[in-house]
Amino acid sequence: MTTYVIVGAGLAGAKAAQTLREEGFDGDIALIGVEAERPYERPPLSKDYLQGRSERDKIFVHPPGWYEDNGVDLRLGVRATRIDLDRHTVSLDNGTRQPYHKLLVATGATPRRLPGPALYLRTAADSDVLKERLAAGGRVIVVGAGWIGLEVAAAARLAGCEVTVVEPEPTPLHRVLGRELGDLFAALHRRHGVDVRLGTGAAEITGTGVRLSSGERLAADLVVVGIGAAPDVGLARDAGLDVGQGIRTDASLRASHPDVYAAGDVAESLNPLYGRRIRVEHWANALHSGPAAARSMLGQDVVYDRVPYFYTDQYELGMEFSGDTAGYDEVVYRGSADDLEFVAYWLREGRVIAGMNVNVWDVVDDIQELIRSGVTVDRKDLPSGPG
């Protein structure tokens, strides 16, 4: 019997297992996950679920009985410790070895950490703890003004906490969006009562708060750190797979060994649209790359060239972002940034390379088509809404 093994029981891994069955694979599937929870989606952990607007059972990818019903051997609370490429086995921390014919590594990423007592948000258990702490109120310091940090700050304010955000960059989301759009998010949070401290970092986290790099001390009842995540590549690197910013793959998501594939946050995949390898941490990448990797494992002709996509909800702002702003030389707005209802386009040499729609809906396909086309655009013709 042919056996496919998936290491990493997150969204990418679960969707890969589902796709293998949907595509007619009738061999054995082992889905191995280090967490005790069955596969779930992560965006609600910093959005609706954290804010108490959705129930816990909504986060899961499949109902409890799906794995048994579909012949997927789901092993939870088990860590893969070694991949032997020559013997085609995965060693597990329970002392067993799992043979495979083909292997998908979807181990995700882990939060970057700072010394000192703080909470981090990556798992459902993390979200449960954070939700309980926010419900208690008090003073919250969020270190890092990236997507997770800002979403946590919004949840904390909605819970009635006194919130300070600390970020060493000149604006929130500076490396992703640039100054102008970063300023918009700073202003949004300040309007909701968040003390946004920019151009200063956390030099020390103590039991009573944070000492800033400026020397100032801020008191807190809770410190939450959101300074990004690092791909969990240790297993792959130790096995001798080619690793850079993630597990390097070709456009079909095949790693440097012909029987090993990578998907989700951990993969640094060749994207023909950009002509280079990119690593994308967002939900949509896990949702789509898991199935793409599964089809590739089955020998189908797969070219994974999706436009990166991300969404966020903060207070009254709902946003979708497509593309990659690297190397942009101009930002063009359509609509009203003051009213938080607009589309922003990042251009490079007259071509759209990224777009962000804020409280404007049903335009993502249009934006992504402009990015894919690579055509030089007339700025006045850039759409501000559907169609």
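That block above? That's the structure.
Read on for a plain summary of the structure.

Thresholds applied
- Residues numbered from 1 in each chain as written.
- Predicted model: local features only at pLDDT ≥ 70, side-chain atom pairs only at ≥ 80, totals over all residues.
- Heavy atoms only, no water.
- Helix = DSSP H or I, 4+ residues; strand = E, 2+ residues; numbered from the N terminus.
- Polar contact = N/O pair within 3.5 Å; in protein donor to acceptor, adjacent residues only side chain to side chain.
- Core = buried A, V, L, I, M, F, W, Y, C linked by side-chain atoms within 4.5 Å.
- Buried < 20%, exposed > 50% of the residue type's maximum accessible area, 1.4 Å probe, protein only.
- Contact = heavy atoms within 4.5 Å.
- Pairing = 2+ DSSP bridges.
- Axes fitted to C-alpha atoms, helices over the stretch in contact; angles between N-to-C directions.
- Patch = residues over 30% accessible without salt bridge, like charges linked within 9 Å, V, L, I, M, F, W, Y side chains within 5 Å.
- Areas by Shrake-Rupley, 256 points an atom, 1.4 Å probe, with all protein chains shown as cover.
- Salt bridge = Lys/Arg side-chain N within 4 Å of Asp/Glu carboxyl O.
- Lys, Arg positive; Asp, Glu negative; His and termini not counted.
- Charge placed at Lys NZ, Arg CZ, Asp CG, Glu CD.
- Phe/Tyr/Trp six-rings, centres within 6.5 Å; stacked < 30°, edge-to-face > 60°.
- Lys NZ or Arg CZ within 6 Å of the ring centre and 35° of its normal.
- Expected span 1.5 Å × (residues − 1).

With that settled, consider the environment of S214. Inspection of the secondary structure puts S214 in the loop between β13 (209-212) and β14 (217-219). When the C-alpha atoms of S214 and A16 are compared, they prove to be 47 Å apart, with 198 residues separating the residues in sequence. A polar atom in the side chain of S214 sits 3.5 Å from the backbone nitrogen of E216.

Formed by 48 residues in total, the largest nonpolar core has its most connected members in L130, L134, L177, F185, M319, W346 and M356. Looking at this core element by element, the count peaks at 7 residues for helix α5 (residues 147-158). Setting aside anything within four residues of it in sequence, one finds M319 in contact with W147, F185, F310, Y311, T312, M356, N357, V358 and W361. Listed in part, the 29 residues of the second largest apolar core include F25, L253, A263 and Y304.

Attention now moves to the sheet that holds strand β11 (residues 195-198). Read across the open sheet, the 4 strands follow the order β11-β10-β9-β15; overall the sheet is parallel. Strand pairing shows two members of the sheet lacking a second neighbour, β11 and β15 (222-225), which therefore form its edges. Ignoring strand direction, the axes of neighbouring strands in this sheet form an average angle of 15°. Sheet topology places strand β9 (residues 139-143) next to strand β10 (residues 162-167); 5 bridges connect them, and they run parallel. Each bridged residue has a counterpart across the sheet, and for V143 the counterpart in β10 is V166.

The next thing to look at is the side chain of E169. Note on placement: E169 falls in the loop between β10 and α6 (174-177). Among the residues examined, E169 registers a relative accessible area of 19% and is labelled buried. A polar side-chain atom of E169 sits 2.9 Å from a polar atom in the side chain of R175. Residues in contact with E169, not counting those within four places in the same chain, are H174, R175, L198 and G199.

Further remarks concern the pairing of strand β24 (residues 341-348). Summarising burial for β24: 6 of the 8 residues are buried, a large majority. As paired elements, strand β23 (residues 330-336) and β24 share 7 bridges and run antiparallel to each other. Paired with V331 across the two strands is W346, which belongs to β24. Linking β23 back to β24 in an antiparallel pair, the connection comprises 4 residues, with L340 at a positive phi of about 55°.

Moving on, we come to a negative patch on the surface. On the surface, D362, D365, D366 and E369 cluster together into a patch of negative charge. Relative to the elements of secondary structure, E369 occurs in helix α10 (residues 364-373).

This brings us to the packing of aromatic side chains. Evaluation of the coordinates by the stated rule reveals 7 aromatic pairs. Between W66 and Y67, the ring centres sit 5.0 Å apart and the planes meet at 85°, which makes this aromatic pair edge-to-face. When its relative accessible area of 16% is taken as the criterion, W66 is described as buried. The exposure class assigned to Y67 is buried, which follows from its relative accessible area of 3%. Between W147 and F310, the ring centres sit 4.6 Å apart and the planes meet at 40°, which makes this aromatic pair tilted. Here W147, found in helix α5, pairs with F310, found in strand β21 (residues 309-314); they are 163 residues apart in sequence, far enough to count as distant. We classify F310 as buried; its relative accessible area is 12%. Here a set of aromatic residues connected by ring pairs shows up, and it is made of W147, F185 and F310. Stacked on the ring of F60, the Lys or Arg R38 has its end atom at 3.9 Å from the ring centre.

This part covers α5. The end-to-end C-alpha separation of α5 is 17 Å, in line with the 16 Å expected for 12 residues at 1.5 Å each. Taken together, the buried positions of α5 are W147, G149, L150, E151, V152, A153, A154, A155 and A156. Downstream of α5 by one or two residues, G160 has phi in the positive range, about 90°.

Once that is clear, we can look at the sheet that holds strand β20 (residues 276-278). Taken together, the 3 strands give an open sheet; going across it, the order is β17-β19-β20, and neighbouring strands pair in mixed fashion. Each end of this open sheet is capped by a strand with a single partner; those strands are β17 (247-249) and β20. With strand direction ignored, the average angle separating the axes of adjacent strands in the sheet is 30°. Summarising the sheet, strand β19 (residues 267-271) and β20 pair through 3 bridges and their orientation is antiparallel.

Working note: non-glycine residues mostly have negative phi, and peptide bonds are mostly trans. Even without being glycine, L253 reaches a positive phi, approximately 70°. The phi angle at N359 is positive, at roughly 55°, despite the residue not being glycine. Here N359 lies in the loop between β25 (351-358) and α10.

One pass over the full model with this rule turns up 22 salt bridges. As a salt-bridge pair, R122 and D265 come within 3.0 Å of each other at their nearest N and O atoms. Residue R122 is located in the loop between β8 (109-111) and α4 (124-135), and its partner D265 is located in the loop between β18 (260-262) and β19; the two are separated by 143 residues in the primary sequence. One salt bridge in this structure joins D195 and R197, with 3.0 Å as the shortest N-O distance. Through salt bridges that share partners, E37, R56 and D128 make up one connected network.

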